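Examining the three-dimensional arrangement
These are the residues of each chain, in order.
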Amino acid sequence: MEKNLISMHKLTSDYSTRGKLKGIISGWVIFLLLFGITRIPAVQHAITQFSGSMAVTWLTDMVNFIINGLWIIAIPLLVGTVLTITKKQVFDTLFIHDTGIGFFNSKSGIEHCAAYSDIKLSYGNMQKSFLLESKAASIKSTEYSWSEFTQPDILRNNLERYGKWN
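These figures come from a predicted structure and were not determined experimentally. (Residues numbered from 1 in each chain as written. Predicted model: local features only at pLDDT ≥ 70, side-chain atom pairs only at ≥ 80, totals over all residues. Heavy atoms only, no water.)

1. Notes on unusual backbone geometry
For Q127, which is not glycine, the phi torsion reads 60 degrees and is therefore positive. Residue placement: Q127 occurs in the loop between β5 (120–123) and β6 (129–134). One non-glycine residue, Q151, lies in the positive phi region at around 50 degrees. Tracing the backbone shows Q151 in the loop between β7 (139–145) and α5 (152–162). (Helix = DSSP H or I, 4+ residues; strand = E, 2+ residues; numbered from the N terminus.)

Structure representation (structure tokens):
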């Protein structure tokens, strides 16, 4: 199968371990700060006094949740942490060919190629992103914003021209 290189697009988003840790740590820091501040008795008293003066049921319920149930937010944070850590990014560059896509991993130096017939392409949210999946190249269904790649307008034009869209 002869293939002609049409364009090359590097992934600009940071899917490395360092990038993952930045996202995880920032989420946990915000949660722990909010949780720690709401454990201070003076803050709890001030929040309770404020909600009592408003005499609104939903506000009282929200204050009760902030004081007694905020720890529940740690459960989805923990699940998100595990999912983020285990997520693998198997390529960092896309080679758009006239017959298929090459998924290149610069760390390993390996390129996995897949014909367009073996690639599932579909638009994401309001066509500002696209979903990509290829069992032939071991790419799990993942949504990427066009802007996550270099030259996003050229990438979009080439994928729309050569790719098979669902």
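2. Quick notes on the side chain of S129
Looking at the secondary structure, you find S129 in strand β6. Here the side chain of S129 touches N125 through a polar contact of 3.3 Å, landing on its backbone nitrogen. The residues touching S129, leaving out its near neighbours within four places in the chain, are Y123, G124, E143, Y144, S145 and W146. (Polar contact = N/O pair within 3.5 Å; in protein donor to acceptor, adjacent residues only side chain to side chain. Contact = heavy atoms within 4.5 Å.)

3. A closer look at α5
Within α5 the residues assigned to the buried category are L155, N158 and L159. Projected down its long axis, α5 carries its buried residues within an arc of 100 degrees, all on one side. Facing away from the buried side of α5, by more than 90 degrees, are the exposed residues D153 and R161. Turning to α5, the residues buried within the fold contact β1 (5–10), β2 (93–97), β3 (100–105), β5 and β6. (Buried < 20%, exposed > 50% of the residue type's maximum accessible area, 1.4 Å probe, protein only. Arc of directions from axis to C-beta.)

4. Notes on the packing of aromatic side chains
Think of a pair of aromatic rings as described by two things: how far the centres are apart, and how the planes are tilted against each other in angle. Throughout the structure, instances matching the rule amount to 11 aromatic pairs. Aromatic side chains W146 and W165 sit 6.4 Å apart centroid to centroid with 40 degrees between the ring planes, which places their arrangement in the tilted category. Separated by 19 residues along the polypeptide, W146 in the loop between β7 and α5 and W165 in the segment after α5 bring together distant segments of the chain. Classification of W146 by relative accessible area gives buried; the value is 6%. Clustering of aromatic rings is evident, with ring pairs tying together F91, F103, Y123, F130, Y144, W146, F149 and W165. Sitting over the face of the ring of F35, R39 holds its NZ or CZ atom 4.5 Å from the ring centroid. (Phe/Tyr/Trp six-rings, centres within 6.5 Å; stacked < 30°, edge-to-face > 60°. Lys NZ or Arg CZ within 6 Å of the ring centre and 35° of its normal.)

5. Brief notes about the pattern of salt bridges
Within the structure shown, the criterion is met by 1 salt bridge. Where E160 meets R156, a salt bridge forms, and the shortest distance between an N and an O atom there is 3.0 Å. With E160 and R156 both in helix α5 and 4 residues apart, the pair spans about one turn of that helix. On the accessibility criterion, E160 (32% relative accessible area) is partly exposed. (Salt bridge = Lys/Arg side-chain N within 4 Å of Asp/Glu carboxyl O.)

6. Some remarks on a nonpolar patch on the surface
Together, F65, W71, I72, I73, I75, V79 and L83 line one region of the surface with nonpolar side chains, adding up to about 650 Å² of accessible area. The element that contributes the greatest number of residues to the nonpolar patch is helix α4 (residues 74–86), accounting for 3 residues. Along the chain, the position of V79 falls in helix α4. (Patch = residues over 30% accessible without salt bridge, like charges linked within 9 Å, V, L, I, M, F, W, Y side chains within 5 Å. Areas by Shrake-Rupley, 256 points an atom, 1.4 Å probe, with all protein chains shown as cover.)

7. A closer look at the pairing of β6
Here is the key point about a regular strand: its side chains alternate between the two faces of the sheet. Burial analysis of β6 places 5 of its 6 residues in the buried class, the great majority of the element. Taken together, the 4 bridges between β5 and β6 define a ladder with antiparallel strand orientation. Looking at β6, one finds that L121 is bridged to L132. Bridge count between β6 and β7: 5 bridges; the pairing is antiparallel. If you follow L132 over to β7, its bridge partner there is T142. The antiparallel hairpin formed by β6 and β7 contains 4 residues in its connecting segment, where S138 sits at a positive phi of about 60 degrees. (Pairing = 2+ DSSP bridges.)

Everything listed here is a matter of geometry and, on its own, says nothing about what the molecule does.
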